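Inside the fold
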Amino acid sequence: MALLRTRQSRRAGLAGVFLLALAASGCANAEPGVVAYVDDDRITQRQVDDAVEAISATLEEGQRVSSQAVVNAMIHGELAEQIAARQNIAISDSERDEVLRGSNLAPLLQVEGARPVLDDIADEQIVASKLGQEYVAEIGRINVTLNPRLGVLDPQQKTIIENQSSSLASPAAASPTP
């Protein structure tokens, strides 16, 4: 009987160690305030919130900015910045302004808090236009990890897939009200 308890204790202990190691490896890059990692660089919830707040302040009543769109822009801005560094592509503020002035985002150039996201959008366009198809290959080489609470990241496009969850749980069906 004592031998059986010892085996069960060992199994339980080994299972506990295995689960702890599995949990730790899955959360190696998981900080609650981080929405995404682009290689080792972080995009924080505060950065996203600040950008959404700044952009939202310029919208008309009934309009809203998508946090998901802001996160996608920030991810691609960081990708473009890393690719530009690898490829020795210099990006100037005047190039960014030129790209943005010719877009529907031009009114946001005067909004201080929106500038980081605008730069991300411009950087992506500038680097992609200089590299062409090579840009797509380059983004595929960079590791991007999305915080699971935001959904699922398309591994090739590096954008959030809409209406998908990375949760292991399924939503409970609504119970009928009596």
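In this report, the structure presented in the accompanying data block is examined. Keep in mind it's a predicted model, so treat the numbers as computed, not measured. (Residues numbered from 1 in each chain as written. Predicted model: local features only at pLDDT ≥ 70, side-chain atom pairs only at ≥ 80, totals over all residues. Heavy atoms only, no water.)

Moving on, we get to the overall build of the protein. When helices and strands are counted, the protein shows six helices and five strands. Listing the helices and strands of the protein from first to last along the sequence gives α-β-β-α-α-α-α-α-β-β-β. Split into buried and exposed, the 178 residues of the protein put 30% on the buried side. Within the protein, contacts between residues separated by at least 24 positions form 60% of all contacts whose residues are at least 6 apart in sequence. With the model as given, the accessible surface of the protein reaches about 11,700 Å², and the carbon-plus-sulfur share is 53%. (Helix = DSSP H or I, 4+ residues; strand = E, 2+ residues; numbered from the N terminus. Buried < 20%, exposed > 50% of the residue type's maximum accessible area, 1.4 Å probe, protein only. Contact = heavy atoms within 4.5 Å. Areas by Shrake-Rupley, 256 points an atom, 1.4 Å probe, with all protein chains shown as cover.)

On to the side chain of Lys 158, then. The residue Lys 158 is located in the loop between β4 (152-153) and β5 (160-161) in this model. Comment: no salt bridge for buried Lys 158; closest opposite-charge side chain is Asp 154, at 7.7 Å. If sequence neighbours within four positions are ignored, Lys 158 has contacts with Asn 72, Ile 75, His 76, Leu 79, Ile 139, Gly 140, Ile 142, Val 144 and Leu 153. (Lys, Arg positive; Asp, Glu negative; His and termini not counted. Salt bridge = Lys/Arg side-chain N within 4 Å of Asp/Glu carboxyl O.)

Here we come to the pattern of salt bridges. With the rule as written, the count across this model stands at eleven salt bridges. The salt bridge involving Arg 86 is made with Asp 39; its shortest N-O contact spans 3.4 Å. Here Arg 86, found in helix α3 (residues 67-86), pairs with Asp 39, found in the loop between β1 (34-38) and β2 (41-44); they are 47 residues apart in sequence, far enough to count as distant. Given a relative accessible area of 25%, Asp 39 falls into the partly exposed group. Residue Arg 115 is joined to Asp 119 by a salt bridge in which the shortest nitrogen-to-oxygen separation is 2.8 Å. With a gap of four residues between them, Arg 115 and Asp 119 both fall in helix α5 (residues 115-131), about one helical turn apart. One network of salt bridges, with partners in common, ties together Asp 39, Arg 86, Glu 138 and Arg 141.

Next up on the list: the sheet that holds strand β3 (residues 144-146). Overall, antiparallel pairing links the three strands, which are arranged β2-β1-β3 in an open sheet. Each end of this open sheet is capped by a strand with a single partner; those strands are β2 and β3. Sheet twist, expressed as the mean angle between neighbouring strand axes with direction ignored, is 20°. Both β1 and β2 contribute to a ladder of four bridges, which runs antiparallel. Along β2, the bridge assignment pairs Ala 36 with Ile 43. Across the sheet, helix α2 (residues 45-56) touches β1 and β2, and the angle it forms with β2 is around 50°. In the packing of α3 onto the sheet, the strands contacted are β1, β2 and β3, and the crossing angle to β1 comes to about 25°. (Pairing = 2+ DSSP bridges. Axes fitted to C-alpha atoms, helices over the stretch in contact; angles between N-to-C directions.)

As a further point, take the pairing of β1. In terms of burial, β1 is largely enclosed, as five of its five residues are buried. What sits between β1 and β2 in their antiparallel hairpin is a turn of two residues, with Asp 39 showing a positive phi close to 55°. With three bridges joining them, β1 and β3 adopt antiparallel strand pairing. Residue Val 38 lies in a different strand from β3, and its bridge partner there is Val 144.

Within the secondary structure, His 76 is located in helix α3. For His 76, a relative accessible area of 6% corresponds to the buried category. Sequence-wise, His 76 and Ile 139 are 63 residues apart; in three dimensions their C-alpha atoms are separated by 8.6 Å. Beyond its immediate chain neighbours, meaning those up to four positions away, His 76 contacts Glu 124, Tyr 135, Ile 139, Gln 157, Lys 158 and Thr 159.

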